[in-house]
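# Observations on the model geometry
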Amino acid sequence: MGASFATHVLFLLWFFAATFTSSFFKANSNTTCSEKDKQALLSLKRGLTDPLNRLSSWSDQEDCCRWDRVRCDNKTGRVTELNLSYIRSSGEISSSLLELEFLNYLDLRWNNFNCTTIPSFIGSMTSLRHLGLNSANFSGVIPHQLGNLSGLLYLNLGGNSHLYADNLRWMSNLSSIQYLDLSFANLHKEVDWLQIISKFPSLLKLYLADCQLDSLNPSLGFVNLTSLQVLYLPHNHFNHEIPNWFLNISTSLLVLDLRNCSLKGEIPHGILNFQKLKSLLLNYNLLTGKIPESLGRVKHLINLDLRFNSLSGPIPSSIGNLSYLGYLFLYDNQLNGTIPKSLALLSNLKALLVGHNFLTGTVDEGHFTKLSKLTYLDMSFTSLFFNVNSNWVPPFQLKYAWMSSCKIGPNFPTWLQTQRSLKILEMFQTGISDKAPSWLWNWTSSIEIIDLSSNRIEGDVSGIVLNSTILNLRSNHFKGRMPQLSTKVKVLNIANNSIYGSISTFLCQQRNVKNKLEILDASNNFLSGELSHCWKYWPSLIRLNFGSNSISGRIPYSMSSLVALQSLHLQNNSIIGEIPSSLKICSNLRLIDIGDNHLSDIIPLWIGDMTNLLILRLRSNRFKGHIPLQICQISSLRVLDLANNSLSGTIPKCLKNISAMAIREPNIQDISFNSLRYKYDSGSYIENLKLVPKGNELEYEKNLAFVKIIDLSSNNLSGSIPVEISILSDLRFLNLSRNHLMGNIPEKIGSMKELESIDLSQNHLSGKIPPSLSNLTFLSHLDLSYNNFSGKIPSGTQLQSFDALSYIGNTQLCGDPLPKSCTIEEEYLNKSPIGKKEDDYKSSSFYIGMGVGFTTSFCAICGTLFFNRTYRHAYFRFADYIKDWIYVTTMLKMNRLLKKVRGCHLSKCKTSLSS
């Protein structure tokens, strides 16, 4: 809201400035200009572009004092003022400007000099009193020669974000400066900027927004800024408390802007001694403590902005003394207590924003007695009770009312009928439990945004015509048929009500009308019938949600007319048939949820062409066949849910190519899911999705951006878990349960560091549980039950933290947390000493190869003998021959051996007898 107000103010300033500069700087005297000055200006014109033809009067035949944007001295005819602002010029600034010896006013702001440097020769134009070079796309170092302009009163270099200063000591000669703006220039290198600035006794206005300053020098006891009226320092990085020297600066201070400066600590009481202060902006900081009661002494305060801090305590009652106060922004703090009654005295108050605090108590008619100018009211996300009489007529006419998540009901607020200027009305979750009044729908026709969601408002919406641009009626007790929509409507959220009737009647009732509807959410109702062929009348649709209704029939081919469609929800209906191939024309689709239907046939191969897809949910249908490899081409995929179908075959190894599940990049969730968030003024529409990440169905909405899941459970998949799946290091949830998978868990599963849930239950997996599984520090759900795992559960607090149910049904598994202890043999078998794994692998390969070779040779020989009679007879004759040869040879050798033994024995006997 504040940004919108500021935008309007800036536009008006620009308009008046452009009008002023196009008319005021025309010559109004009869003095003839100097020929020297004329030629200097013509030389300047030759170097500049003039796309708006603002310099068309600059002609050699005309007196230059009569040219647009030029002013001369009435007596001498010398050029004294030159205003070339807002002419969208580019090119080169000619040094011929030096010939304009009496030029005291030079304004080149709001042009585009294409990141060129500020000409250093400007520092030689010593007659200058006013130099405006702001928002002209200059870059580079600020030339030190500007310090030679000792008579300069006005210097504006702001809005040139590519400018920087190596130091500011060159400014010490600008002793007469009254207005200084260096906003957006990088002044980070100059640590003594404050001491230099404080040497300008005549300085009235100082603008140093977003200059990358990191200190207000809290150690300084005194800063000589006694004439200062405007101190504008937002969007810097001070990161400390508000210094005490602020208490000693000018008592004439009108504006103090320290927004978004990372300021800490409490608001010093002395800062409120500025009796003439009109604007105090301390929003978007880290301030704590209470709002000082002495605030009431700043009598002339018009704008007080303390939003987005951590201020606590009550709103001081002295605020009622600020009779000039027009804007009170206390939004998003930790304020408590009640709204003071003295607030009713602020007769000039236009904006009251106290939402997102811990405020309590009742707000009644007495708080608004004199607030006749109030147009902005924010009480949202507090515990305030807005309790007024049913016949109350407010003294104000609101334009914007944010009153969500505070207590308004149970009765519908009848005072709203008196508000004829409302543009935005937000009253979701306010406890209203009442019938919608008869005047409601005609009254809302002029409101651009209306949000009455999450209440208990009753009423029949059949036949009514809705005219607001954005309507959120979600989660109420509305009934009847779908309402009619004017061509103005862009968003209709009527989910979670009791809307019934044929969906085709709604879709086809506005033929030949150019509908602008972009978001239609009618989920969780009682809509029925088949999807029609009237999609061509809704060309702007980007979000469509008909989930959880009673829609039947097929998905029509004509849905291809929705070429802008980004999300399609048809889940939980009774849709049959196949996914039509025409849907691939909707190439902008980011989300497809058609789960929980009766769809059959195979998952289409063209799904791989949907390269923008982030979410694919087809669970609980009747899809069959293999998981198409083309799915792996969708590198942006973050949710792949194909659970509870009849899919067969193996898990594709190419799932490793889904890079969104493998690569973690900073803020990647925000980048990817921005396309699933529809933002509008003061709110947004966020996609939601039901998933089963840890065995229980959960609904994801704002946290959907952080979900990365593969769910292939309850199918007929076979084969092993591909080792390549371990490449998906950013996957959060993996569910492969209730299939027919075999083999081991991939050894490198521990590299999937982000896993929070693993469910591999009810398969035929075997082998040991990989020790790397204990490295998954985020793992909070594990189910390996009913498989054939064996050995000891790896040690580590992570795996022992789960109960025995996570491992039940594995009879060969032992160790904590199972009651079965491991035997010494089981523990030994479970060990995998480092250095032996490779040898074991080689030995296993050797024995397996030897066995295969023996079996192959044996079968080849036996098969040949069995089927070939000639070979068989020859083989047996050969065998008989070999047998006989072996027998004869063996007997001959045995006889010879016996003879030798006998001979030896006789010789020994003879020797002994002779002796």
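The structure reproduced in this document is the subject of the present report. (Residues numbered from 1 in each chain as written. Predicted model: local features only at pLDDT ≥ 70, side-chain atom pairs only at ≥ 80, totals over all residues. Heavy atoms only, no water.)

## Considerations on the pattern of salt bridges
It is possible for side chains of opposite charge to pair when their charged atoms get near one another. Considering all chains together, one arrives at 17 salt bridges under this definition. A salt bridge links R109 to D107; its shortest N-O distance comes to 2.5 Å. For the salt bridge of K341 with D364, the shortest nitrogen-to-oxygen distance reads 2.8 Å. Taken together, the residues span a long stretch of sequence, with K341 in the loop between β17 (334-337) and β18 (351-353) and D364 in the loop between β20 (362-363) and β21 (376-378) at a distance of 23 residues. With a relative accessible area of 47%, K341 lands in the partly exposed category. Residue D364 is classed as partly exposed on the basis of its relative accessible area, which comes to 21%. When salt bridges that share partners are traced, they join K36, D37, R78, E99 and E101 into one network. (Salt bridge = Lys/Arg side-chain N within 4 Å of Asp/Glu carboxyl O. Helix = DSSP H or I, 4+ residues; strand = E, 2+ residues; numbered from the N terminus. Buried < 20%, exposed > 50% of the residue type's maximum accessible area, 1.4 Å probe, protein only.)

## Concerning the sheet that holds strand β19 (residues 358-359)
Strand order in this open sheet of three strands is β15-β17-β19, and the pairing throughout is parallel. For this open sheet the edge positions go to β15 (312-313) and β19, each flanked by a neighbour on one side alone. As judged from the two bridges shared by β17 and β19, these two strands associate in the parallel manner. Across the sheet, G337 pairs through a bridge with L359, a residue of β19. (Pairing = 2+ DSSP bridges.)

## A closer look at unusual backbone geometry
A cis amide bond, omega 15°, links G409 with the succeeding residue P410. The residue P410 is located in the loop between β23 (400-402) and β24 (424-426) in this model. With an omega of 10°, the peptide bond running from D816 to P817 counts as cis. Relative to the helices and strands, P817 is located in the loop between β57 (812-814) and α8 (824-830). Unlike most non-glycine residues, S714 shows phi in positive territory, near 55°.

## Describing the sheet that holds strand β36 (residues 550-554)
Pairing is parallel in the open sheet, where seven strands are placed in the order β26-β29-β32-β34-β36-β38-β40. Of all the strands in the sheet, the pair left with one neighbour each is β26 (458-460) and β40 (598-599). Bridge count for β26 against strand β29 (residues 477-480) is three bridges, and the pairing is parallel. The partner of G459 across the bridge, within β29, is F478.

## With respect to the state of the cysteines
Tallying each qualifying case throughout the model produces five disulfides. The disulfide bridge from C632 ends at C654, spanning 2.0 Å between sulfur atoms. In this structure the cystine formed by C632 and C654 twists about its S-S bond by roughly 65°; its chirality is therefore right-handed. Of the two residues, C632 is situated in the loop between β42 (624-626) and β43 (639-641) and C654 in the loop between β44 (646-649) and α6 (668-673); the sequence distance between them amounts to 22 residues. Each member of the pair, C632 together with C654, is buried. Between the sulfur of C814 and that of C822 lies a disulfide, 1.9 Å long from S to S. (Disulfide = S-S within 2.5 Å.)

## Focus on the pairing of β29
Alternating residues of β29 divide into F478 and G480, all buried, and H477 and K479, none buried. Bridge count for β29 against strand β32 (residues 498-502) is two bridges, and the pairing is parallel. Each bridged residue has a counterpart across the sheet, and for G480 the counterpart in β32 is I499.

## A closer look at the environment of V388
Within the element layout of this structure, V388 appears in the loop between β22 (385-386) and β23. When near neighbours in sequence (up to four residues on either side) are disregarded, V388 contacts V363, D364, E365 and W415. (Contact = heavy atoms within 4.5 Å.)

## Description of the side chain of N739
For N739, the position within the fold is in the loop between β51 (733-735) and β52 (740-743). Judged by relative accessible area, which is 4%, N739 ranks as buried. Among the polar contacts listed, one links the side chain of N739 to the backbone nitrogen of L717, at a separation of 3.0 Å. A distance of 3.1 Å separates a polar side-chain atom of N739 from the backbone oxygen of S737. Discounting chain neighbours no more than four positions away, the residues touching N739 are L712, S713, S714, N715, N716, L717, Q762 and N763. (Polar contact = N/O pair within 3.5 Å; in protein donor to acceptor, adjacent residues only side chain to side chain.)

## A few points about the packing of aromatic side chains
Going through the model one piece at a time under the given rule, you end up with 24 aromatic pairs. When the ring of Y400 is compared with that of W402, the centres are 5.7 Å apart and the planes differ by 10°; the resulting orientation is stacked. A residue is classified by how much of its surface remains accessible, and Y400, at 18% relative accessible area, is buried. The exposure class of W402 is buried, given its relative accessible area of 10%. Ring pairing ties together the aromatic residues F368, F386, W392, F396 and W415, which thus form one cluster. The cationic tip of R307 hangs over the ring face of F329; the distance from NZ or CZ to the ring centre is 4.8 Å. (Phe/Tyr/Trp six-rings, centres within 6.5 Å; stacked < 30°, edge-to-face > 60°. Lys NZ or Arg CZ within 6 Å of the ring centre and 35° of its normal.)

## Digging into the environment of Q630
By secondary structure assignment, the location of Q630 is in the loop between β42 and β43. Excluding residues within four positions of it along the chain, Q630 makes contact with L605 and G608.

## Quick word on a nonpolar patch on the surface
A surface patch of nonpolar side chains, about 310 Å² in accessible area, is lined by Y786, L805 and I808. Position of L805 among the secondary structure elements: in the loop between α7 (797-800) and β57. Judged by its relative accessible area of 59%, L805 is exposed. (Patch = residues over 30% accessible without salt bridge, like charges linked within 9 Å, V, L, I, M, F, W, Y side chains within 5 Å. Areas by Shrake-Rupley, 256 points an atom, 1.4 Å probe, with all protein chains shown as cover.)

## As for the pairing of β52
Relative to β52, strand β50 (residues 716-720) runs parallel, the two being bridged by three bridges. The partner of S718 across the bridge, within β52, is H740. Sheet analysis places β52 next to strand β54 (residues 764-767), joined by two bridges and oriented parallel. Counted as the bridge partner of M742 is H764 from β54.

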